[in-house]
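Chains, contacts and geometry: an overview
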Number of protein chains: 2
Amino acid sequence: MSYAAPLKDMLFVLNELADLPAVNALPGCEDATPETVEAVLEENARFCEEVVAPLNRIGDEKPSTWKEGEVKTTPGFAEAFHAFAQAGWQGVQHPAEFGGQGLPKLVATPCMEMLNAANLSFALCPLLTDGAIEALMTAGSEEQKQRFLPNFVAGKWTGTMNLTEPQAGSDLAMVRSRAEPQGDGTYRIFGTKIFITYGEHDMAENIVHLVLARLPDAPEGVKGISLFLVPKYLVNADGSLGARNDVQCISIEHKLGIKASPTAMLQFGDRGGAIGTLVGQENRGLETMFVMMNAARFAVGVQGIGVAERAYQKAVQYAKERVQSKDLEGSATAVSIIHQPDVRRMLMSMKAQIEAARALAYVAAAKVDVAHHHPDADVRAANEAVYEYMVPIIKGWSTEMAIDVASTGVQIHGGMGFIEETGAAQFYRDARILTIYEGTTAIQANDLVGRKTVRDGGAVAKEIVADVMRTANELLEASSQEGAADFAAIHAQLTEAAQALSDVADYVVANVQSDIKGVFAGSVPYLKLAGIVLGGWQMARAALAAHRKLVSGDGDAAFYRTKLTTARFFADHFLSQADGYRSAIVGGNAGMLALEEDQF
Amino acid sequence: MSYAAPLKDMLFVLNELADLPAVNALPGCEDATPETVEAVLEENARFCEEVVAPLNRIGDEKPSTWKEGEVKTTPGFAEAFHAFAQAGWQGVQHPAEFGGQGLPKLVATPCMEMLNAANLSFALCPLLTDGAIEALMTAGSEEQKQRFLPNFVAGKWTGTMNLTEPQAGSDLAMVRSRAEPQGDGTYRIFGTKIFITYGEHDMAENIVHLVLARLPDAPEGVKGISLFLVPKYLVNADGSLGARNDVQCISIEHKLGIKASPTAMLQFGDRGGAIGTLVGQENRGLETMFVMMNAARFAVGVQGIGVAERAYQKAVQYAKERVQSKDLEGSATAVSIIHQPDVRRMLMSMKAQIEAARALAYVAAAKVDVAHHHPDADVRAANEAVYEYMVPIIKGWSTEMAIDVASTGVQIHGGMGFIEETGAAQFYRDARILTIYEGTTAIQANDLVGRKTVRDGGAVAKEIVADVMRTANELLEASSQEGAADFAAIHAQLTEAAQALSDVADYVVANVQSDIKGVFAGSVPYLKLAGIVLGGWQMARAALAAHRKLVSGDGDAAFYRTKLTTARFFADHFLSQADGYRSAIVGGNAGMLALEEDQF
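Residues numbered from 1 in each chain as written. Chains lettered and ligands numbered in written order. Predicted model: local features only at pLDDT ≥ 70, side-chain atom pairs only at ≥ 80, totals over all residues. Heavy atoms only, no water.

1. Here's the deal with the overall build of chain A
The condition is simple: For the purposes of this entry, the term helix denotes a DSSP run of H or I that reaches at least four residues, the term strand denotes a run of E that reaches at least two, and both are numbered from the N terminus. Whether a residue is buried, partly exposed or exposed follows from its accessible area with a 1.4 Å probe, protein chains only, as a fraction of its type maximum: under 20%, in between, or over 50%, in that order. Note on contacts: a residue pair qualifies if any of its non-hydrogen atoms lie within 4.5 Å across the two residues. All accessible areas in this document rest on Shrake-Rupley with a 1.4 Å probe, and a residue is counted as covered only by the protein chains that are shown.
Broken down by element type, chain A carries 19 helices and 14 strands. Within chain A, the proportion of its 600 residues that are buried is 64%. A separation threshold of at least 6 residues defines the contact pool for chain A, and within that pool the share at least 24 residues apart is 74%. Of the accessible surface of chain A, which amounts to about 20000 Å², a share of 50% is contributed by carbon and sulfur atoms.

What follows is the structure in structure tokens.
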């Protein structure tokens, strides 16, 4: 099997770190009992392992192709997507009233991870549809909801996000596509959009584009952008499909990775205008798009965890099979390379980072559920605020991690890793998009500095640091107990790292006015530091939970001991970097901005 | 122009850091006057920029192809290689008696960097020939030298290294190819070799394979391996080409990168045995191969610098051209992205690492020249020892750096970086081989720990640390002078980092007996720490030299100020990582080796 879902770790994180029972106790989450959740994950794992994962290599070897405006996806993709839809997987987290399973985000998140681990290219299609559902749920009219949501949730139609234009990548103020009102409640859309994931394909009956464009009288900049819903096939009043709309796929890109996922250039309105309807209010399109983007950013972070897990599993398998060189402690014959200390170090580095990122993402997902379902408005708001702080970190840090892990996976394969047929190189290529789309790491870091740290004077950041310190203190208290030999070391690293994060948050808040460029020049290092600290925090919580389980004697002792070791490794090898980041952020902008353009 | 050789920085490093005048004063190096060297580099730059660099993209788009045992290289490669040979570039560092220019390695090194920056795939062919020349110079018979060296040096014939076999990658003890003596001074060679760079091609009249194989009575393991010279076409007594030898190219690999460079699987002896001659003594083949490999390892480090420089230049160009988003300090209109602080940080990080690695490699090259040409045997030995310590660092650290820099180059291009036609992705793919071939980073790190640190009890490591500390003290002494504002900060970082390296060397020597796996598990972090410290040391020396130049008022003041800024950046952002590495190495093996195989 090319992918085996890490269900044991997933269930451990759900139950011990993300408090699934507490989520299950929320109004509206009654169905998500631990037993049901386990059954759902097992079923999802089977589907991803058996149906989706085997299509990963062929997607790289036989990418989607374009011919005269039509896109033919990789052989097997359409059938797999129909099976996915039929089994109801598109609807895991969506409301029952539109045909979904209505399960919490905490349950949808491991499902998302599995699908992405199985096949990053394939998973992008449902990921975008999730975003479209989120947008319509937030701002769609009742008619739009009734007409589109059941078809999205059933996987009959898919969604896309149309932001980027040739002259406007990260900078949406430069969007030039335009929308002309027809007086009948519809609009005609004109413009060119690029980098549209699954902008055209043959896997569903209809493709529904969510498109940013400007009305004739719209103000300049981002406050003049509206959001439109533009289906490939118009939808008749009875819900049946009507005429082909005026949106054409001009070409698809020839990419470094995720080759099976068609990245389309779409031309709207070459034949009189593509007919669309407004989503939400005029000129407020960006707000809705941000809802969609925030969900997508979290999802891309989870993509990073998925592809990293897949790369790790492949590397472990190779390291156990490949026999070469004697054991350093003097075996007579050659041994498998997993006995080599540096291969160990690389595998531990992959494993530790993946588990930390997974724990952080699932814990954040639980916060969304609390923020949506908790009866107390203050609790909802507090959870929402922490989640908002975490989103850019989950997106930015988990995806940077994924590139690192995929590259390490290639390294473990040695020369074979560089040969395409081996498959390790695909993860290295595929993962490379993750720090770019849905906002580059720098965009995430800008968000972390601006909206998530400066705006509240660092309040949420400091709250989180206080929580981390509480976990560190628990480690210290437990460190004298039997089986807790590593706790003192983890405590020391975690305390220092949390202090570094605290200092950096202070620095950011204190200096953003007087030295805005200096502060923003440190934004990506700040994001990485925050990732390490928050990831290390979750690994410390995992170590405490594993220790409790070992003391109580229930469950899989080998798993818990592995978790303790992995937490210790994370502390020694990643938390130990925190001081260097602080130093670079707080003292390091002298060299960063001093040069003139022509000195480069 | 897609590549502009960084001649200004190269000449600065040659003259101010690597002491070209002192090399020029060595017996046998009289021709290498600063004026001649500058002329040679300018001429080489022109050739690389105009002839070789334009073939880089097409090499990726139209890789070498295999058909019935023959390899057709990328259109234009053969013509460019003939021009390269005719201009005498293969012979830069090789003796005049065989037709070379007899210039020092210090001069050949920037030439090598330029060729690799221009085209990594193309440069591999002469790189391997250099290795074959080195092997024959070291251990070849007089007849082998006379027959082969002039043709190698003239670029008429090319060389290959045949080590790897399907069951034996890094572990040469497992080599199974065999050689049967024919009683006439020749041998018949049988076996399969894989991953043979330029093992077959159409760029030269003959291809000469240096092949590791076992004699019938050879002992087991690496002490039973002999080295053979096996030409594709046998060479007649008069030097003309004779019959086709029994070596066949079975296939070439489908690779992640360096696609124009054919990576061959060679079958020796399917039709009665490939005829070869012994190089050096029986069963001592590995020693000669190590001479060749050591030269090749240094050269691969330089490949890393070359491809990183190319990726940097492309990113700078894009950052200056791509207009998007307003300036953070409030321009009314959108500006080029080089104004964004994080783009600055990324460019500085690329620039600083490249300049540090370049300085370290050139300084090491000068040590080779002193080690070969100095009249005093003690001076020769001391320089040889320092060079030997530096080789695994130059190979390991510069290539890891190259992957990081190429990846950052993709990131700066945003979504365009992921599109193959942009070209940034090619560097990310090409660079990925560099940490694998000629010994993975782990193999380099093993060498650094075993042969280069433990064997002499850390003596050379500590000598280098003492030198670094002397440079740090110079910074401190100069820090009160005008224009030396950054020196105190660089001094602080450099001193701490050097102390970390010193502590790690002590730890390695003290613990290798009692905890061999623990020490080797920290070997790659040790290598990276050493890279940072030695690179930071060279940047500190560069800052001192630049400051002297500014004070004296001669030369390009803007260049020197840029160098000061870059040195400061390196200290703030890289030397600051040293403490984290020490902590991970010295305290971090608890989690590294604790797991059982089945816990992964």
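2. Some details on the UniProt feature "domain: Acetyl-CoA dehydrogenase-like C-terminal" (unreviewed entry) in chain A
The test is simple: UniProt positions are given in the numbering used here, feature names are shortened, and annotations may be inferred rather than shown by experiment.
The positions that UniProt labels "domain: Acetyl-CoA dehydrogenase-like C-terminal" (unreviewed entry) are, in the present scheme, residues 477-595 of chain A. Secondary structure over residues 477-595 of chain A splits into 76% helix and 0% strand, and the C-alpha atoms at its two ends are 50 Å apart.

3. Here we look at the interface of chain B and chain A
Spelled out, the test is: Throughout, the accessible surface (probe 1.4 Å) given up by two parts as they are put together, summed over both, is called the buried area. We count a salt bridge whenever a side-chain nitrogen from Lys or Arg sits within 4 Å of a carboxyl oxygen from Asp or Glu. Polar contacts, as counted here, are pairs of nitrogen or oxygen atoms within 3.5 Å of one another; within protein the pair requires one atom able to donate a hydrogen and one able to accept it, and residues that are adjacent in sequence qualify only if both atoms are side-chain atoms. Note that Gly is not counted as nonpolar here; it falls among the polar residues with everything else outside the nonpolar set of Ala, Val, Leu, Ile, Met, Phe, Trp, Tyr, Cys and Pro and the charged set of Asp, Glu, Lys and Arg.
Opposite the 90 residues of chain B that make contact, chain A presents 90 residues. Of the roughly 7700 Å² buried between chain B and chain A on both sides combined, carbon and sulfur atoms contribute 61%. Considering only the side of chain B, the residues that lose the most area to chain A are Phe 418, Lys 517 and Phe 600 of chain B, jointly responsible for 11% of the buried surface there. Scanning the region where chain B abuts chain A turns up two salt bridges. A salt bridge links Lys 517 of chain A to Asp 327 of chain B; its shortest N-O distance comes to 3.0 Å. Run the count over chain B and chain A and you get 33 residue pairs in polar contact (both at pLDDT 80 or more). By residue class, the composition of the side of chain B that touches chain A is 39 nonpolar, 28 polar and 23 charged.

4. Here's the deal with the pattern of salt bridges
Going through the model one piece at a time under the given rule, you end up with 60 salt bridges over all chains. For Asp 9 of chain B, the salt bridge goes to Lys 563 of chain B, with nearest N and O atoms at 2.6 Å. Note that Asp 9 of chain B is positioned in helix α1 (residues 7-17) and Lys 563 of chain B in helix α18 (residues 557-573), a separation of 554 residues in sequence. In the salt-bridge network here, residues are joined through shared partners; they are Asp 9, Glu 113, Glu 309, Lys 351, Glu 355, Arg 358 and Lys 563 of chain A.

5. Some points on the domain arrangement of chain A
Residues and elements named next belong to chain A. Cut-off, in case you're wondering: Where a domain begins and ends is set by an automatic assignment or by a domain database.
Partitioning chain A into domains gives domain 1 (7-153), domain 2 (157-283) and domain 3 (446-592). Centre-to-centre, using C-alpha coordinates, domain 1 lies 31 Å away from domain 3. Facing five residues of domain 1, the contacting portion of domain 3 comprises 10 residues. At the boundary of domain 1 with domain 3, total buried surface from both sides reaches about 700 Å², with 61% on carbon and sulfur atoms. Counting across the interface, domain 1 meets domain 3 through three salt bridges. Our count for the domain 1 to domain 3 interface comes out at four residue pairs in polar contact (both at pLDDT 80 or more).

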